[in-house]
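# Geometric and topological summary
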Amino acid sequence: MNEFDKTYTINLSFEEIKLPPFQDILVLAKNSVQGKIGLSKSFELLVPNGFETIDVDNENIETVFVNKNILAKIEKDKVIRILEKNVFGFISEGELISVDFKINITVKNIVIKDSDYEY
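The following paragraphs examine the structure supplied in this document. (Residues numbered from 1 in each chain as written. Predicted model: local features only at pLDDT ≥ 70, side-chain atom pairs only at ≥ 80, totals over all residues. Heavy atoms only, no water.)

Turning our attention to the overall build of the protein chain. A tally of regular secondary structure across the protein chain gives three helices and four strands. When the helices and strands of the protein chain are listed from N to C terminus, the series reads β-α-β-β-α-α-β. When each of the 119 residues of the protein chain is scored for burial, the buried share is 28%. Look at the contacts in the protein chain between residues 6 or more apart in sequence, and 66% of them connect residues 24 or more apart. For the protein chain, the accessible area works out to roughly 9700 Å², and carbon and sulfur atoms hold 50% of it. (Helix = DSSP H or I, 4+ residues; strand = E, 2+ residues; numbered from the N terminus. Buried < 20%, exposed > 50% of the residue type's maximum accessible area, 1.4 Å probe, protein only. Contact = heavy atoms within 4.5 Å. Areas by Shrake-Rupley, 256 points an atom, 1.4 Å probe, with all protein chains shown as cover.)

For the coordinates displayed, the defined rule picks out four salt bridges. With its nearest N and O atoms 3.0 Å apart, the salt bridge here joins aspartate 24 to lysine 102. Of this pair, aspartate 24 sits in the segment before strand E1 (25-29) while lysine 102 sits in the segment after strand E4 (96-99), and the two are 78 residues apart along the sequence. The exposure class of aspartate 24 is buried, given its relative accessible area of 9%. (Salt bridge = Lys/Arg side-chain N within 4 Å of Asp/Glu carboxyl O.)

Among soluble globular proteins, nonpolar side chains are generally buried collectively. Of all hydrophobic cores here, the largest spans 19 residues; its most connected members are Ile25, Val27, Val64, Val66, Val79, Leu83 and Phe88. Breaking this core down by element, the ones donating at least two residues are E1, strand E3 (61-67), helix H2 (68-71) and helix H3 (76-86). Not counting the four nearest positions on each side in its chain, valine 66 is found in contact with Asp24, Ile25, Gly50, Phe51, Glu52, Ile54, Leu71 and Val79. Core analysis: the next-biggest nonpolar cluster, separate from the first, contains seven residues, Phe22, Leu26, Leu28 and Phe43 among them. (Core = buried A, V, L, I, M, F, W, Y, C linked by side-chain atoms within 4.5 Å.)

A word on the pairing of E3. Of all the seven residues making up E3, six are buried; the element is thus mostly covered by neighbouring parts of the structure. Pairing of E1 with E3, which is carried by five bridges, proceeds in the antiparallel orientation. Looking across to E3, one finds that isoleucine 25 is bridged to valine 66. As paired strands, strand E2 (residues 51-55) and E3 are joined by five bridges and run antiparallel to one another. Bridge assignment links aspartate 55 to a residue of E3, and that residue is threonine 63. Hairpin remark: E2 followed by E3, antiparallel, with five residues in the connecting loop. (Pairing = 2+ DSSP bridges.)

Functional significance is not addressed by these values, which are geometric in nature.
Structure representation (structure tokens):
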């Protein structure tokens, strides 16, 4: 086949990304190529004061980075317990895992008294 017989087919797909490339939670397994200190510094540059670093006592997990917006809605101990029960068991040594952690808050049986509000 000579150079004039070549045909190229190219398909492109692209989308906007946001930095950091995760929005909710990032779980850093032990012995990951990316270190806790380096990731912490990167996040502080990309999203100053946007994530809290939580060290965990787990044989496979070193650190969890949690969006502070999540922590404004639910206590960090509860977040870690949820991750321990549902996520940590699936993470292998050296991995870096992004967790989509959406919170839906429902308030029921709200009683409103006229005395609660001033007119």
